[in-house]
Amino acid sequence: MADRLTQLQDAVNSLADQFCNAIGVLQQCAPPASFNNIQTAINKDQPANPTEEYAQLFAALIARTAKDVDVLIDSLPSEESTAALQAASLRQLEEENHDAAARLEEVVYRGDVLLEKIQSALADIAQSQLRTRNGAPSQPSPAES
């Protein structure tokens, strides 16, 4: 994913494209202007153009993109964010990262201990099943001791 400045630049470029497209479509659909009340047969035969629909469509697109630009601008770091504040924020994040790493190491250690217990229990079960299949008693009886 792109950083905020790249997203902002893309949104501004999109806004410029929408303005250009809106102007082009509106110019294309605009009725011709009359010069000194001279009208030709071509001008009279032209069908009505849906310029109002295009105007509403482009207005909505431009408004939405402008809102996106505003949101991206608001998400940028403020001028009050000095190097000292950023360094303090990084130190805090590093401390949180260190604490999380310590908790992770503890969980991994407990998982390893539990894994060893499970493997030992499975080995005992396997040995017991082997003794049972071979006909040997699983535990020596008290009379044999």
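Residues numbered from 1 in each chain as written. Predicted model: local features only at pLDDT ≥ 70, side-chain atom pairs only at ≥ 80, totals over all residues. Heavy atoms only, no water.

**What about the overall build of the protein?**
No. 1: The secondary structure content of the protein amounts to 4 helices and 0 strands.
No. 2: Sequence separation of 24 or more characterises 78% of the internal contacts of the protein that already satisfy a separation of 6 or more.
No. 3: For the protein, the accessible surface area stands at approximately 12,300 Å², while carbon and sulfur atoms represent 56% of it. (Helix = DSSP H or I, 4+ residues; strand = E, 2+ residues; numbered from the N terminus. Contact = heavy atoms within 4.5 Å. Areas by Shrake-Rupley, 256 points an atom, 1.4 Å probe, with all protein chains shown as cover.)

**Notes on helix α4 (residues 83–133)**
No. 1: The end-to-end C-alpha distance of α4, which contains 51 residues, comes to 73 Å, matching closely the 75 Å that a straight helix rising 1.5 Å per residue would cover.
No. 2: One or two positions beyond α4, positive phi appears at G135, with a value near 85 degrees. (Expected span 1.5 Å × (residues − 1).)

**Looking at the confidence of the model for the protein**
No. 1: Of all residues in the protein, 81% have pLDDT values of 70 or greater, and the mean over the chain is 83.
No. 2: Averaged over each element, pLDDT in the protein is lowest for helix α2 (residues 41–45) (50) and highest for α4 (94). (pLDDT = per-residue confidence, 0-100.)

**Let's talk about the packing of helix α1 (residues 4–29) against helix α3 (residues 51–75)**
When two helices pack together, their arrangement is given by the angle between the helix axes and the distance between those axes.
No. 1: Running from N to C, α1 and α3 point in directions that differ by 165 degrees, and their axes come no closer than 9 Å. Classified by the angle between their axes, α1 and α3 sit roughly antiparallel to one another. α3 is crossed by α1, and the crossing has left-handed handedness.
No. 2: The residue makeup of the contact of α1 with α3, split by class, is 18 nonpolar, 7 polar and 1 charged. (Axes fitted to C-alpha atoms, helices over the stretch in contact; angles between N-to-C directions. Parallel < 35°, antiparallel > 145°, perpendicular 65-115°, else oblique. Left-handed = near helix turned anticlockwise from the far one by under 90°. Nonpolar A, V, L, I, M, F, W, Y, C, P; charged D, E, K, R; others polar.)

**Some details on the pattern of salt bridges**
No. 1: Enumeration according to the criterion identifies 1 salt bridge in this entry.
No. 2: Salt-bridge contacts for R110 lead to E106; the nearest nitrogen and oxygen are separated by 3.5 Å. Taken together, the residues R110 and E106, both in helix α4 and 4 residues apart, mark about one turn of the helix.
No. 3: For E106, a relative accessible area of 39% gives the class partly exposed. (Salt bridge = Lys/Arg side-chain N within 4 Å of Asp/Glu carboxyl O. Buried < 20%, exposed > 50% of the residue type's maximum accessible area, 1.4 Å probe, protein only.)

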